[in-house]
Amino acid sequence: MKVLKFGGTSVGSSKNINNVVSILTNYAKTNKVICVVSAVGGITDKLLEAGQLAQTKNSSYKDTFNTTKTIHLDIVKELIPTNNAEVLKTVEATLNELKNLLDGIYLINELSPKTSDKLVSFGELLSSYIIAETLKDRGANAERKNSQELITTNSNFTKAEVNYNITNGHIKDYFKDSTFDITILPGFISKSITGEITTLGRGGSDFTAAIVAAALEVEQLEIWTDVSGMYTANPKLVKQAMPIDKLSYQEAMELSHFGAKVLYPPTVQPVLSLQIPIHIKNTLEPEAVGTIISTNSNTTNTAKGITNISNVALLTLQGNGMVGIPGFSRRLFQTLAQEKINIILITQASSEHSICFGIDEKDAALAKSAIDTEFENEISLKKIDPILVEDNLSIIALIGDNMKSHQGISGKMFSALGKNNINIRAIAQGASEKNISAVIAQNDVKKALNILHEVFFEGNIKQLNVFITGVGNVGERLVEQIKQQRKYLKDNLKINLRVVGLSNSRKMLFNEDGLSLKDWKQQLEQDGQAASLEGFLDTVKSLNLRNSIFVDVTANKDVADLYSSYLKHSIAVVACNKIACSSTFNKYKELKTLSYKYNAPYLFETNVGAGLPVIDTLNNLIASGDKVTSIQAVLSGSLNFVFNNFNDSTKFYDVVKQAAAEGYTEPDPRIDLSGVDVARKILILARESGTEMNLEDIENTPFLSDSGLKSDTVADFYDTLIKDEAHYQSLFASAKANNSQLKYVAEFNNGKAKVGLKEIPEGHPFYNLEGKDNIVMFYTQRYPEQPMIIKGAGAGADVTASGLFADIIRIGNN
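Residues numbered from 1 in each chain as written. Predicted model: local features only at pLDDT ≥ 70, side-chain atom pairs only at ≥ 80, totals over all residues. Heavy atoms only, no water.

### Focus on helix H14 (residues 445–457)
Counting along an α-helix, one turn takes 3.6 residues, and residues three or four places apart therefore face a common direction.
Stage number 1. Between its first and last C-alpha atoms H14 spans 17 Å; for 13 residues at 1.5 Å apiece the expected length is 18 Å, and the two agree.
Stage number 2. For H14, a buried count of 12 out of 13 residues is recorded, marking the element as mostly surrounded by other parts of the structure.
Stage number 3. Among all positions of H14, only Val 445, Lys 447, Ala 448, Leu 449, Asn 450, Ile 451, Leu 452, His 453, Glu 454, Val 455, Phe 456 and Phe 457 are buried.
Stage number 4. As for H14, its buried residues are in contact with strand S12 (305–318), strand S15 (388–399), helix H13 (409–419), strand S17 (435–441) and strand S18 (462–469).
Stage number 5. Directly beyond the C-terminal end of H14, a positive phi value near 60 degrees is found at Gly 459. (Helix = DSSP H or I, 4+ residues; strand = E, 2+ residues; numbered from the N terminus. Expected span 1.5 Å × (residues − 1). Buried < 20%, exposed > 50% of the residue type's maximum accessible area, 1.4 Å probe, protein only. Contact = heavy atoms within 4.5 Å.)

### Observations concerning the sheet that holds strand S30 (residues 788–793)
Stage number 1. Strand order across the open sheet formed by six strands is S26-S28-S27-S25-S29-S30, with mixed pairing between neighbours. Each of the sheet's edge strands pairs with one partner strand only, and the pair in question is strand S26 (699–701) and S30. Recorded for the sheet is a direction-independent mean angle of 20 degrees between the axes of neighbouring strands.
Stage number 2. On the sheet, helix H25 (residues 676–688) packs against strand S25 (628–634), S26, strand S27 (740–749) and strand S28 (752–761) and is oriented at approximately 35 degrees with respect to S27.
Stage number 3. Those strands touched by helix H28 (residues 725–737) are S27 and S28, and its axis lies near 90 degrees from that of S27. (Pairing = 2+ DSSP bridges. Axes fitted to C-alpha atoms, helices over the stretch in contact; angles between N-to-C directions.)

### Some remarks on the nonpolar core
Stage number 1. Among the nonpolar cores identified, the biggest contains 78 residues, and Tyr 563, Phe 652 and Ile 682 are the most heavily contacted of them.
Stage number 2. Considering every element that reaches this core, the biggest residue donor is H25, with seven residues.
Stage number 3. Among the nonpolar cores identified, the runner-up in size contains 47 residues, and Ala 39, Ala 50, Leu 79 and Ile 131 belong to it. (Core = buried A, V, L, I, M, F, W, Y, C linked by side-chain atoms within 4.5 Å.)

### Some remarks on the side chain of Asn 774
Stage number 1. Structurally, Asn 774 can be placed in strand S29 (residues 773–780).
Stage number 2. With relative accessibility at 1%, the residue Asn 774 sits in the buried group.
Stage number 3. Once residues lying within four places of it in the same chain are set aside, the contact partners of Asn 774 are Gly 609, Leu 612, Val 634, Leu 635, Ser 636, Gly 637, Leu 769, Ile 790, Lys 791, Gly 792, Ala 793 and Gly 794.

### Topic: unusual backbone geometry
Stage number 1. Even without being a glycine, Asn 547 presents a positive backbone phi close to 50 degrees.
Stage number 2. With respect to the helices and strands, the residue Asn 547 is situated in the loop between helix H17 (533–543) and strand S22 (548–552).
Stage number 3. A positive phi angle is found at Ala 610, which is not glycine, with a value near 55 degrees.
Stage number 4. Taking relative accessible area as the criterion, Ala 610 reaches 4% and is therefore assigned buried.

### Observations concerning the pattern of salt bridges
Stage number 1. With the rule as written, the count across this model stands at 32 salt bridges.
Stage number 2. Of the charged contacts, one joins Arg 546 and Glu 454 as a salt bridge, the two residues approaching to 3.1 Å between their closest N and O atoms. With Arg 546 in the loop between H17 and S22 and Glu 454 in helix H14, the pair connects residues that are 92 residues apart, well separated along the chain. A single burial state applies to Arg 546 and to Glu 454, both of which are buried. (Salt bridge = Lys/Arg side-chain N within 4 Å of Asp/Glu carboxyl O.)

### A short note on the sheet that holds strand S1 (residues 2–6)
Stage number 1. Pairing in this open sheet of eight strands is mixed, and the strands run S3-S5-S2-S1-S8-S10-S11-S9 from one edge to the other. One side of each edge strand has no neighbouring strand; the edge strands of this open sheet are strand S3 (142–144) and strand S9 (246–248). Averaged over all pairs of adjacent strands, the angle between strand axes in this sheet comes to 20 degrees, irrespective of strand direction.
Stage number 2. Pairing of S9 with strand S11 (residues 291–294) involves three bridges; the strand directions are parallel.

This is the structure:
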């Protein structure tokens, strides 16, 4: 004999009921079947709503009733389209009884627990009758048996307690003589010893099924719902969550207690006592394996699932007067018990100075009032503080029988949360080590669950969520590089890199699940909203995704000014924008401090040398204990390109225009040609070497003409290049006469820095520097004579994008 239970979603429509009928008829080919059903999905809530409206003299209860009536009649007509007159007549008669009851509640203005039980019982009575009649209509040997005739309880209305001696006898006697292949039982409902209608409380249909299964000592209880078993996490919050094949009873109860709504632990106690396995199955996907819950899960996984309880308040009773004084805990918990307030979590410091406990948020005000009253004398004498209440919290829990035999599980859990700056307000762990619980802010729940799921269930694949501002030349190349390398990163580096947000100067676009990079330009133009720097920041913060990375591919000061806001929310910053790092030293130090404080990397490798590992190499030298004594460098790929292509047969204007067209200069070429860009770069290297310095401390010897330096606009500047061609030709002629090459050189020596155009003689490492290449020479205590040299392309969209990409990967590998 099989016992199956189908929940409200499983019988929530004619389509779903057809699935139920198909499952039952297949089972009935080889076994007798007992099927417990809930009310049609949402009907119990509608019945309660109608009752409450009627009680308050609100005549709109009739509208709610009519909706309920229409739902049931439509389901009958869809399931039994012909020869349905008798069924419709019976359903309408039952609905008329329901209407008379609601009218009575309206007239007497009262809805007692006893009447409430009678009211909600109509849901299961109607659904069970309709399903039984559908089975008969399709030729099944089926019957509906009213559970009120089998399950006997006391008169504790809305949560009646079962009299097992009487109930078990009724069940055994009925099914001993039953000749039906399929018996449909309404769940949730029962009758008292005195014959009054009662209900079994929350999870009552599961309870009905468990009572019947235990009474008949069946081999297995099947609970059919709308998901394929119990999951490693809530699939609505963690998209990578997966069904769990096997769980122990203890694991299942822990997961269910902490929010996994497939089971309500108290209701399945009858089968647990007899160690009858429970099989969770999916009505909408009957072939799915589901989850088997039994005495032993027989798996080697350390953790089985992560779950949470939302809307939790954390209350703290504390004070020096508690230390060493017995009885405080007893009085505290007795007070809560008297108010019927359930405690979800408890933790106490070994100093006995405080007791912290979690309760449902809706009970917080009552709990505070009751506790402050109970300890009024101690509070007035300053022995303890008034109870402290914190709300908008949630409890997350890591569950698993095998965690107790593995070291470091707690450390792994809290380390993962800490790296994403999720603050833990309280921790609780039993000696059995089957449950590690932590209290966190409500708005961090989704982020926390995804972090822990990634660490414990996804082969340690790390998801990076990237937000890019500035998708022009370099930004576009970066997106294309990410698109090209995503599979490689996941397969080889265990990094799942998603671009979640994009913005240009006009539009911005977000997708919490990651943007498709196949047609991102079209999406941005068609679906993007108006761009806003603050709006972009607010969206990144509100999404609150784990391992979030903001990438700045602009040269915009307003964007750089927002770095601190990103870092304060534990959002990493990757920037090719040099403005922040080359602003005041105090601002530079502030960003470094925020990065450390909030565990949010701030990387800017592309500030110097585009994709060359200049800053990374410098940081490694410093970290290993070396000390930089001198830096000599050609740091502008733009200027190197210009002077490598400028000669007595070219025009300076034409070469600068060519550099701009090929993307080697900033949109305003004066930034490059004035030497300000190079000054910023040597400033950053000096600071990274440990020197406190500001931009105005750097000696900058310009090579531009006076009119070029004084130009007001980019157009005016280009005009001066034409007019002052003789000035630039004289620079080239001098270098040629001295058998030298013109290079714009940055130098840092003994705490001082300078930049300027120099004539480099043949034989010098800078002499043969070609195209847009950069070169940096680090003289250190370990490299006093032969410097460490880094050389390569120092400008260009592709190499700059690859430098940004390398910083993103560096964060992923951290």
